[in-house]
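# Report on the structure
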Amino acid sequence: GDCPGFPSRASRSSTPCGTVPPTTTEQVLHPDRYFDSRDEPRAVGLPPDADSSDPLTEGSWGEFGTRLALAATLADTALAAVAASGWDGDRYGLWRAADGSTRYVWVTLWDSPAAAEGFAEAYAQAALDRAPASARIATAEGRFDLASRGRTLRLVRRGDSVEIRETSRIER
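Here's what I pulled together on the structure shown here. The model shown is predicted, which means the values in this text are computed figures rather than measured ones.

## Comments concerning the environment of Ala71
Positionally, Ala71 belongs in helix 4 (residues 62-71). Sequence separation between Ala71 and Ala122 is 51 residues; the distance between their C-alpha atoms is 9.7 Å. Setting aside residues no more than four positions away along its own chain, Ala71 makes contact with Thr77 and Ala80.

And the structure:
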């Protein structure tokens, strides 16, 4: 049958239009990942050492949320779209630590190591774009660290995964 906006896809699809809606923004942004291959995200959990004693929120950004997070800072929104397009799953957590700081962990999985590297480079560039000139930066293979007054960020890429940890202290 026909699906509004996707008539040629629906006739080839094994999923009749409307019977099983897309489950991710990836499937909405890339209809072939819904109609042709039904690309489901991989399950992602927060690392066991994530201190979630006072949780504020937890969830998944999806490909669209990942794209928006990058586009909010990067001058090149096309780069944000490309960097987010290899998304294969994510999980984030935000909590208040015992010392009063706010901690954020975001674990992302990608379709390939190359896609993970593209996202990691774009995220590091976005972090640099919003960092003050006084920020201290260190890089190594698969790793990016940024420290500035009241904020630290560590990004680690391993294979097809990227883990981001940020800590912020609000001065009162």
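Now, onward.
## Remarks on the pairing of strand 7 (residues 161-168)
Here eight bridges tie strand 3 (residues 102-110) to strand 7, and the two strands are oriented antiparallel to one another. Each bridged residue has a counterpart across the sheet, and for Val107 the counterpart in strand 7 is Glu163. By the bridge criterion, eight bridges tie strand 6 (residues 151-158) to strand 7 in an arrangement that is antiparallel. Within strand 7, the position partnered with Arg157 by the bridge is Val162. The hairpin turn running from strand 6 into strand 7, its antiparallel successor, is two residues long, and Gly159 in that turn takes a positive phi close to 60°.

## Description of the side chain of Thr102
Relative to the elements of secondary structure, Thr102 occurs in strand 3. When its relative accessible area of 18% is taken as the criterion, Thr102 is described as buried. Discounting chain neighbours no more than four positions away, the residues touching Thr102 are Leu56, Leu94, Trp95, Arg96, Glu166, Thr167 and Ser168.

## Looking at the sheet that holds strand 4 (residues 136-140)
Taking strand neighbours across the sheet as the criterion, the seven strands line up as 1-2-3-7-6-5-4 in an open arrangement whose pairing is antiparallel. Bordering the open sheet on either side are strand 1 (55-59) and strand 4, each of which pairs with just one other strand. Taking the axes of each pair of neighbouring strands and ignoring which way they run, one obtains an average angle of 5° across the sheet. Here strand 4 pairs with strand 5 (residues 143-148) via five bridges, running antiparallel. Of the residues in strand 5, the one forming a bridge with Ile137 is Leu146. Packed on one face of the sheet, helix 4 meets strand 2 (87-96) and strand 3 and runs near 65° to strand 2.

## Some remarks on helix 5 (residues 77-84)
Turning to helix 5, its buried residues are Ala80, Ala83 and Ala84. Buried residues of helix 5, viewed axially, fall in a sector of 90°; they line one side. On its buried face, helix 5 sits against helix 4, strand 2, strand 3 and helix 6 (113-130). The opening residue of helix 5 is Asp76, an N-cap whose side-chain oxygen sits 3.0 Å from the backbone nitrogen of Ala78.

## Examining the packing of aromatic side chains
Under the defined criterion, the tally for this structure stands at six aromatic pairs. Seen in terms of ring centroids, Phe119 and Tyr123 are 5.8 Å apart; in terms of plane orientation they differ by 45°. Their pairing is tilted. Here Phe119 pairs with Tyr123, and both are found in helix 6, just four residues apart, close to one helical turn. Exposure remark for Phe119: the relative accessible area of 0% places this residue in the buried category. With relative accessibility at 7%, the residue Tyr123 sits in the buried group. Cluster of aromatic residues (ring-pair linked, three or more members): Trp106, Trp110, Phe119 and Tyr123.

Reading the values: rules and limits
- Residues numbered from 1 in each chain as written.
- Predicted model: local features only at pLDDT ≥ 70, side-chain atom pairs only at ≥ 80, totals over all residues.
- Heavy atoms only, no water.
- Helix = DSSP H or I, 4+ residues; strand = E, 2+ residues; numbered from the N terminus.
- Contact = heavy atoms within 4.5 Å.
- Pairing = 2+ DSSP bridges.
- Buried < 20%, exposed > 50% of the residue type's maximum accessible area, 1.4 Å probe, protein only.
- Axes fitted to C-alpha atoms, helices over the stretch in contact; angles between N-to-C directions.
- Arc of directions from axis to C-beta.
- Polar contact = N/O pair within 3.5 Å; in protein donor to acceptor, adjacent residues only side chain to side chain.
- Phe/Tyr/Trp six-rings, centres within 6.5 Å; stacked < 30°, edge-to-face > 60°.

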